[in-house]
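# A structural walkthrough
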Amino acid sequence: MAGLVTTFGAGAMTNSIGEIRDADFLFVIGSNTTEAHPIIAMEMKRAVKRGATLVVADPRSIWLTSMAERHLKLRPGTDIWLLNAMANVIVTEELYDEDFVAHNTEGFEAVAETVRAYTPEAAEQVTGVPAEEIRATARQYATTRKAGIYYTLGITEHSHGTDNVYALANLVLMTGHLGHASCGMNPLRGQNNVQGANDAGATPVFLPGYQRVDDPAVLAKYQASWGVELDPTPGLNLNEMMKVAGTQLKGFFVMGEDILLSEPNVAHLEEGLNGIEFLVLQDIFLNETARFADVILPAACFAEKDGVFTNSERRVQRVRKGVEPPGEARADWEILQDLARLCGADWDYGDPAEIYAEMVKDAPKFAGISHARIEREGGIQWPCASPDEPGTTFLHEGGILRGKGLFTPVDYRPSMELEDSEYPLLLSTGRTLYHYNSATQTRREQGAGFKQPEAYVELHPKDAGRRGIADGDLVELLTRRGNLRCRALISRQVRRGCIWMPFHFAEARANLLTNDVGDAVTGTAEYKVCAAEVKRLSEQPAPVAFRGSYYAVEGPGPGKVDELPMAPVSAADPGD
Ligand SMILES: Nc1nc2c(c(=O)[nH]1)N[C@H]1C(S)=C(S)[C@@H](COP(=O)(O)OP(=O)(O)OC[C@H]3O[C@@H](n4cnc5c(=O)[nH]c(N)nc54)[C@H](O)[C@@H]3O)O[C@H]1N2
Ligand SMILES: Nc1nc2c(c(=O)[nH]1)N[C@H]1C(S)=C(S)[C@@H](COP(=O)(O)OP(=O)(O)OC[C@H]3O[C@@H](n4cnc5c(=O)[nH]c(N)nc54)[C@H](O)[C@@H]3O)O[C@H]1N2
Ligand SMILES: [Mo]
């Protein structure tokens, strides 16, 4: 997130996964860690077992909330109120780290002034979280030295996502929970190697190593190194690109993404794609987006190629080819190299190690890392500027990287679309343990399909009762952008007035419903809040094997394999 980039360096965990077990206070906000990051959640469980205090701030009840000392079950999209109220308590009760603030930060006064209005009592009105719980959390966080913040999409996938990140950073800075073990500001990253992709410059703003394209010194360095002219203008971000599909953008090269499943307001995107001239899809499977493809380039999957992946704690690790790619599939870099050559470039890389060496040459953060070194020593955490440096377990030891940590005052801005009489519910979307994002991979194997064969929406019993909806009923879900059919899962996991659905299912795409407004800084879409309504359908065909998501995990096992129905295969699924 940009907030982290400007405040603390780059968007990655400041501290390491292995330090979590030694933390004494864990503040998990907007992260369903047990389902989305099970290995990291194991470290959290370890800490709690050891006696650490866990507080979870999440509009839903998730597994972690069952082991938390406190669950702040806030109204979706109101995190600024919660976080500013925590800051208010820390400032008014003088629990901040005066020494750290004086020597390592700037701008504290502006934040102290802004949060004055955010009293816990006023915050209770907006968030629904009792004032005393906000106070208790703020006091515990401020007065525990080994106190870490862990956050994910519940924080970032909002039109005010960057503001949320700033509000968290303000808490870290005022308490000085930075620069030592088991604390910090820890965004848990998403896809395998999304960190590495960002590090490598797969963004419209940065060259490798978070060096801005519009910084003249950076540009001069790369022009000299690569021997080409470079455009100093930042490109369009994903959200902006999707909005100009068919108008400003006439050609698409989609690699490792199923935009027709994962982008917001996807019906609008489909309209745009009808107006483009050419779409290339480079993927390991025929996904939904393949419907629009003129050319499909078959890629090898992670187990069929060599390279490195970087994880959330900035650790660059080797991945090795275990099996040969099937058919005509080839490693992504080989396909790209051939395309570059056809376009006239004289690329001649022999293997991924050579590509990596070129990538780190001009990027000081990674300059000391190489495939050969990882082979000898194991994974290495950046920053690592030279081959004799060991790498960095946690950032900001002995002083903030940018010199002074910058406080940024932020005020609450409501989510773009709130409930009204026509669409009286708030819809939020996300993922589950059993499926992986666009589910091109998880819906091809049977285990996940047994557990979660079809799409569903979680609905509070009161909201269901009013609408005459029973558990397992087929319902229609509507928003201003579209509608779909899925099963109702009646559950107190969600707050009254809120509904939740996973976005994994091609035949009931949550993204037909979501709002495509993006965060002002990053463009990240507001997947977590939009206004919706649910209706029971008059026709009620028998469910495929409705078992819901959450409770099924600890419920009875799947039974004998041949007694269970297969996962439904969507119309567009090639049934590979
Ligand atoms: N099994 C599995 N694991 C995955 C993935 C997968 O698809 N399946 N995807 C991977 C990817 S790409 C990513 S980015 C990560 C994402 O990992 P997470 O961010 O943990 O996953 P989400 O389900 O999107 O949502 C996180 C939590 O935010 C909460 N939330 C929603 N709105 C708000 C809000 O307004 N405020 C607060 N405080 N919380 C809110 C939700 O209730 C949910 O518990 O997971 C990765 N891991
Ligand atoms: N409603 C809603 N929508 C969301 C989200 C949400 O919380 N709610 N979360 C958003 C987030 S955080 C993310 S990260 C996106 C994820 O959305 P996507 O990136 O679209 O989904 P993935 O399933 O991660 O992968 C996309 C494609 O990559 C292919 N693939 C896998 N490995 C390789 C490979 O090695 N090479 C190539 N070329 N292709 C490969 C897969 O087959 C798949 O077709 O969804 C976003 N969309
Ligand atoms: Mo993600």
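Model, not experiment: these values are computed from the prediction.

## Considering the nonpolar core
By size, the foremost hydrophobic cluster in this structure holds 48 residues, and its most contacted members are Phe 27, Ile 29 and Leu 168. At the level of elements, strand 1 (25-29), strand 2 (53-57), helix 4 (79-92), helix 5 (98-104), helix 6 (108-115), helix 8 (131-143), strand 5 (147-151) and helix 10 (161-175) are the ones that each hand at least two residues to this core. Here this core takes 10 residues from helix 4, the largest share from any one element. The residues touching Leu 168, leaving out its near neighbours within four places in the chain, are Phe 27, Ile 29, Leu 83, Ile 149, Tyr 151, Ile 155 and Met 185. Membership of the second largest hydrophobic core comes to 22 residues, among which are Leu 477, Ile 499, Ala 508 and Leu 513.

## Points about the packing of aromatic side chains
Within the structure shown, the criterion is met by 10 aromatic pairs. Where Phe 206 meets Tyr 210, the ring centres are 5.5 Å apart and the plane angle is 65 degrees; that geometry is what we call edge-to-face. Residue classification places Tyr 210 among the buried positions, given a relative accessible area of 11%. Joined through ring pairs, the aromatic side chains of Phe 206, Tyr 210, Phe 366 and Trp 382 make up one cluster. For the cation-ring pair, Arg 60 lies above Trp 500, with the distance from its terminal atom to the ring centre recorded as 3.7 Å. Directly above the ring of Phe 285 sits Arg 444, whose terminal nitrogen or CZ lies 4.0 Å from the centroid.

## Side note on unusual backbone geometry
Here the bond from Trp 382 into Pro 383 is cis, since omega is 0 degrees, no more than 30 degrees from zero. Along the polypeptide, Pro 383 turns up in the loop between strand 14 (380-381) and strand 15 (405-406). Here the phi dihedral of Ser 182 falls at roughly 60 degrees; this positive angle occurs in a residue that is not glycine. For Ser 182, the position within the fold is in the loop between helix 10 and strand 6 (184-187). At Arg 314, a residue that is not glycine, the phi angle is positive and equals roughly 70 degrees. By relative accessible area, Arg 314 is classed as buried at 0%.

## A closer look at the site of ligand 2
As a matter of local geometry, ligand 2 sits amid 29 residues, with Asp 258, Ser 262, Asp 283, Lys 305 and Ser 438 nearest to it. Here a nitrogen atom of ligand 2 sits 3.0 Å away from a polar atom, N or O, in the side chain of Thr 429. Across the complex, the protein chains shield 88% of the 910 Å² of accessible surface that ligand 2 would expose by itself. Of all the secondary structure elements, the ones that give two or more residues to the shell around ligand 2 are strand 10 (278-283) and strand 16 (425-430). Each residue belonging to the shell around ligand 2 can be placed in one class, and the counts come to 8 nonpolar, 13 polar and 8 charged. Here the shell around ligand 2 spans two domains, since at least three of its residues come from each of domain 2 (194-381) and domain 3 (415-576).

## Details of helix 10
Over its 15 residues, helix 10 runs 22 Å from end to end, which matches the ideal 21 Å to within 8%, given 1.5 Å per residue. In terms of burial, helix 10 is a largely internal element, 15 of the 15 residues being buried. Gly 176 sits one or two positions beyond helix 10 and adopts a positive phi of about 65 degrees.

## Things to note about the environment of Leu 478
With respect to the element layout, Leu 478 can be found in strand 18 (residues 474-478). With relative accessibility at 18%, the residue Leu 478 sits in the buried group. Taking the C-alpha atoms as reference points, Leu 478 and Lys 535, 57 residues apart in sequence, are found 8.3 Å from one another. Excluding residues within four positions of it along the chain, Leu 478 makes contact with Tyr 423, Asn 483, Leu 513, Ala 531, Ala 532, Glu 533 and Lys 535.

## A look at the packing of helix 4 against helix 7 (residues 120-127)
The N-to-C vectors of helix 4 and helix 7 enclose an angle of 170 degrees; their axes lie 9 Å apart at closest approach. When the interaxial angle is binned, helix 4 and helix 7 end up roughly antiparallel. The crossing of helix 4 and helix 7 is left-handed. Contact with helix 4, carried on its side by Trp 81, Leu 82, Ala 85, Asn 88 and Val 89, involves Pro 120, Ala 122, Ala 123, Val 126 and Thr 127 of helix 7 and no other residues of that element. Partitioned by chemical class, the residues of the contact of helix 4 with helix 7 number 8 nonpolar, 2 polar and no charged.

## Quick look at the pattern of salt bridges
Inspection of every chain in the model, using the stated rule, returns 34 salt bridges. Its salt-bridge partner being Glu 113, residue Arg 116 comes within 2.8 Å of it at the nearest N-O pair. Note that Asp 306 and Arg 318 form a salt bridge whose closest N and O atoms lie 3.5 Å from each other. In this pair, Asp 306 is assigned in the loop between strand 11 (295-298) and strand 12 (307-310) and Arg 318 in strand 13 (residues 315-319), connecting sequence segments 12 residues apart. A single salt-bridge network, built from bridges that share partners, covers Glu 270, Glu 288, Arg 291 and Arg 509.

Reading the values: rules and limits
Residues numbered from 1 in each chain as written. Chains lettered and ligands numbered in written order. Predicted model: local features only at pLDDT ≥ 70, side-chain atom pairs only at ≥ 80, totals over all residues. Heavy atoms only, no water. Core = buried A, V, L, I, M, F, W, Y, C linked by side-chain atoms within 4.5 Å. Buried < 20%, exposed > 50% of the residue type's maximum accessible area, 1.4 Å probe, protein only. Helix = DSSP H or I, 4+ residues; strand = E, 2+ residues; numbered from the N terminus. Contact = heavy atoms within 4.5 Å. Phe/Tyr/Trp six-rings, centres within 6.5 Å; stacked < 30°, edge-to-face > 60°. Lys NZ or Arg CZ within 6 Å of the ring centre and 35° of its normal. Near = heavy atom within 4 Å. Polar contact = N/O pair within 3.5 Å; in protein donor to acceptor, adjacent residues only side chain to side chain. Areas by Shrake-Rupley, 256 points an atom, 1.4 Å probe, with all protein chains shown as cover. Nonpolar A, V, L, I, M, F, W, Y, C, P; charged D, E, K, R; others polar. Domains from an automatic or database assignment. Expected span 1.5 Å × (residues − 1). Axes fitted to C-alpha atoms, helices over the stretch in contact; angles between N-to-C directions. Parallel < 35°, antiparallel > 145°, perpendicular 65-115°, else oblique. Left-handed = near helix turned anticlockwise from the far one by under 90°. Salt bridge = Lys/Arg side-chain N within 4 Å of Asp/Glu carboxyl O.

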